[in-house]
Amino acid sequence: MICIRSINALRLHIADEKRTSNTIGFVPTMGALHAGHISLIKHAKAENNVCIASIFVNPLQFNNVEDFKKYPIQQDADIALMEAAGCDVLFMPHTEEFYPTQPKISIDVGLLDRILEGTHRPGHFSGVTIVVTKLFNIVAPDKAYFGQKDLQQVAVINQLVSELNFPIEIVACPIVREQNGLAMSSRNMRLSNSGKSIASNLFKALSFIEAKIKGGEKSVTILIASGKTYLDQFKEIELEYLEVVNGNSLESITEIKEINKVAICIAAHVEGVRLIDNLVIIL
Ligand code: PAF
């Protein structure tokens, strides 16, 4: 694996790869790697000649400065993990080169910015679209890989690629979970063992609602109330939102009818760490 820090050096390397018609699979990350990231690298490696990954903690997508400051950094461990996973090129840009000035351009993703994560993390998706647009322009991959844990981020990036005509296929990869069901996340590193065990109840609440949907319950109000009642047992969980939405558009619904996909989405705080998870059900 080669590590590249400068944008020009990466561009020169990519031009060489393209001369030999190599296809490029790209995995953008913010580091603090876990098994979810490794599965993205493995998918990219299996489907392309070359796997390029990036590690860049993007300051623009943190709506909360404290959250940015506390974001786990483990550069040496991440480099070793990327190499072991089979990554060919690791791009780790310097912030000063990546953002020589604060970008003045912003991309409004419309409705997706006014629901779920958009409502709770103002400015988050505009930071994500800027960094992803810049990375796509620099790397120019054939395919780019994202985890479905960030379900709404995948929807935003699909919209970005479609509306701005990026010739890139977006591949959404399944959520990787701990044995107890907790969705893998870099933020889990900030949880104690007991916090991790408590946090696994977020997935259990989603599964509880899923069972009710499969049992025929159609009312979203009843489904959400039952999930909240389940979570009420755990005083350590501070719920931010729990929603059952249209699994295609992520728009809110009142009843489960005339749709082929439902998404149950949750955000909550455990030990001061903000966690998100979701479950998509094909009907
Ligand atoms: O999902 C993430 O880790 C980040 O949002 C991404 C896509 C790398 C952009 O900074």
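Residues numbered from 1 in each chain as written. Predicted model: local features only at pLDDT ≥ 70, side-chain atom pairs only at ≥ 80, totals over all residues. Heavy atoms only, no water.

**As for the pairing of strand E9 (residues 273-282)**
Here is step 1: Counting buried positions over the 10 residues of E9 gives 8, a clear majority of the element.
Here is step 2: Where strand E8 (residues 261-270) meets E9, 10 bridges bridge the pair, whose relative direction is antiparallel. Paired with lysine 261 across the strands is isoleucine 282, a residue of E9.
Here is step 3: Counted between consecutive antiparallel strands, the loop separating E8 from E9 contains 2 residues, among which glutamate 271 sits at a positive phi close to 50 degrees. (Buried < 20%, exposed > 50% of the residue type's maximum accessible area, 1.4 Å probe, protein only. Helix = DSSP H or I, 4+ residues; strand = E, 2+ residues; numbered from the N terminus. Pairing = 2+ DSSP bridges.)

**Digging into the site of the ligand**
Here is step 1: Close to the ligand lie Pro28, Thr29, Met30, Asn58, Gln61, Val131, Phe146, Asp150 and Gln153.
Here is step 2: Glutamine 61 places a side-chain nitrogen or oxygen 2.6 Å from an oxygen atom of the ligand.
Here is step 3: Note that an oxygen atom of the ligand is positioned 2.7 Å from one of the side-chain N or O atoms of glutamine 153.
Here is step 4: In isolation the ligand offers 290 Å² of accessible surface; the protein chains occlude 89% of this area.
Here is step 5: In terms of residue class, the shell around the ligand is made up of 4 nonpolar, 4 polar and 1 charged. (Near = heavy atom within 4 Å. Polar contact = N/O pair within 3.5 Å; in protein donor to acceptor, adjacent residues only side chain to side chain. Areas by Shrake-Rupley, 256 points an atom, 1.4 Å probe, with all protein chains shown as cover. Nonpolar A, V, L, I, M, F, W, Y, C, P; charged D, E, K, R; others polar.)

**Comments concerning the domain arrangement of the protein chain**
Here is step 1: By the assigned domains, the protein chain splits into domain 1 (2-173) and domain 2 (186-276).
Here is step 2: Taking the mean C-alpha position of each, domain 1 and domain 2 sit 27 Å from one another.
Here is step 3: Taken together, both faces of the contact between domain 1 and domain 2 bury some 1,600 Å²; the carbon and sulfur share is 59%.
Here is step 4: Interface area lost by domain 1 to domain 2 is led by Leu116, Glu117 and His120, which between them contribute 34%.
Here is step 5: Connecting domain 1 to domain 2 are 3 salt bridges.
Here is step 6: Of the charged contacts in the structure, one is a salt bridge between arginine 274 and glutamate 117, with a shortest N-O distance of 2.9 Å.
Here is step 7: Where domain 1 touches domain 2, the interface holds 7 residue pairs in polar contact (both at pLDDT 80 or more).
Here is step 8: Residue assignment for the side of domain 1 that touches domain 2 shows that the elements contributing at least two residues are helix H6 (117-120) and helix H8 (151-163).
Here is step 9: Across the side of domain 1 that touches domain 2, the residue classes tally to 11 nonpolar, 6 polar and 6 charged. (Domains from an automatic or database assignment. Buried area = accessible area lost by both parts, 1.4 Å probe. Salt bridge = Lys/Arg side-chain N within 4 Å of Asp/Glu carboxyl O.)

**Thoughts on the pairing of strand E3 (residues 50-55)**
Here is step 1: Across the 6 residues of E3, 6 count as buried, placing the element largely inside the fold.
Here is step 2: Because side chains alternate across E3, one face comprises the buried residues Val50, Ile52 and Ser54, and the other comprises Cys51, Ala53 and Ile55, equally buried.
Here is step 3: In this sheet, E3 lies alongside strand E2 (residues 24-29) in parallel orientation, the contact comprising 6 bridges. Paired with proline 28 across the strands is serine 54, a residue of E3.
Here is step 4: For the crossover from E2 across helix H2 (residues 35-47) to E3, the handedness is right-handed.
Here is step 5: Pairing geometry for E3 and strand E4 (residues 89-91), over 3 bridges, is parallel. Counted as the bridge partner of alanine 53 is leucine 90 from E4. (Right-handed = clockwise from strand over helix to strand, strands pointing away.)

**A word on the pattern of salt bridges**
Two side chains bearing opposite charge may form a pair once their charged atoms approach each other closely.
Here is step 1: Under the defined criterion, the tally for this structure stands at 11 salt bridges.
Here is step 2: Among the ionic pairs, lysine 45 bridges to aspartate 88, the shortest N-O distance being 3.0 Å. Pair noted here: lysine 45 is in helix H2 and aspartate 88 is in the loop between helix H4 (75-85) and E4, with a separation of 43 residues, a long-range link.
Here is step 3: Ionic pairing is found between aspartate 277 and arginine 177, a salt bridge with its closest N-O pair at 2.8 Å. One end of the pair, aspartate 277, is in strand E9; the other, arginine 177, is in the loop between strand E6 (169-173) and helix H9 (193-214), and 100 residues separate them in sequence.
Here is step 4: A relative accessible area of 22% places arginine 177 in the partly exposed class.

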